[in-house]
Amino acid sequence: MSKKQVRFIVLLTIAAFAVWTVGVILIGFVFDLGGTAATVWTVIMIIATLMLSVFKCCFDGKNSKRRKNSRKW
């Protein structure tokens, strides 16, 4: 794994945690919804984070194949 990929994963994790925390606070205190809404929000955040990570991985994989200086093994 390259340094760029590790940095992306760490920043994605921090951003997802921040958005998840804000969402849970809004669900719990502002909108006064129950635990089911918080559970649904958690599942949505996990799926969105995984989708973004996989999309980024696939997108980078296609670009690395197109580089002129890359080796073919």
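For the structure itself, consult the block above.
Here is what the cut-offs are and how they apply
Residues numbered from 1 in each chain as written. Predicted model: local features only at pLDDT ≥ 70, side-chain atom pairs only at ≥ 80, totals over all residues. Heavy atoms only, no water. Helix = DSSP H or I, 4+ residues; strand = E, 2+ residues; numbered from the N terminus. Buried < 20%, exposed > 50% of the residue type's maximum accessible area, 1.4 Å probe, protein only. Areas by Shrake-Rupley, 256 points an atom, 1.4 Å probe, with all protein chains shown as cover. Expected span 1.5 Å × (residues − 1).

Colleague: Explanation requested: the overall build of the chain in the structure shown.
Modeller: A tally of helices and strands in the chain yields two helices and zero strands. In the chain, which comprises 73 residues, the share counted as buried stands at 7%. Counting only carbon and sulfur atoms, one obtains 72% of the accessible surface of the chain, whose full area is about 6,500 Å².

Colleague: Even after reading the chapter, I still don't get helix α1 (residues 3-30), so can you show me in this structure?
Modeller: With 28 residues, α1 ought to run about 40 Å at 1.5 Å a step, and its terminal C-alpha atoms sit 39 Å apart, in line with that. Along α1, the residues classified as buried are Leu12, Ala16, Gly23 and Ile27. Asp32 sits one or two positions beyond α1 and adopts a positive phi of about 55 degrees.

The values are spatial; any link to function lies outside them.
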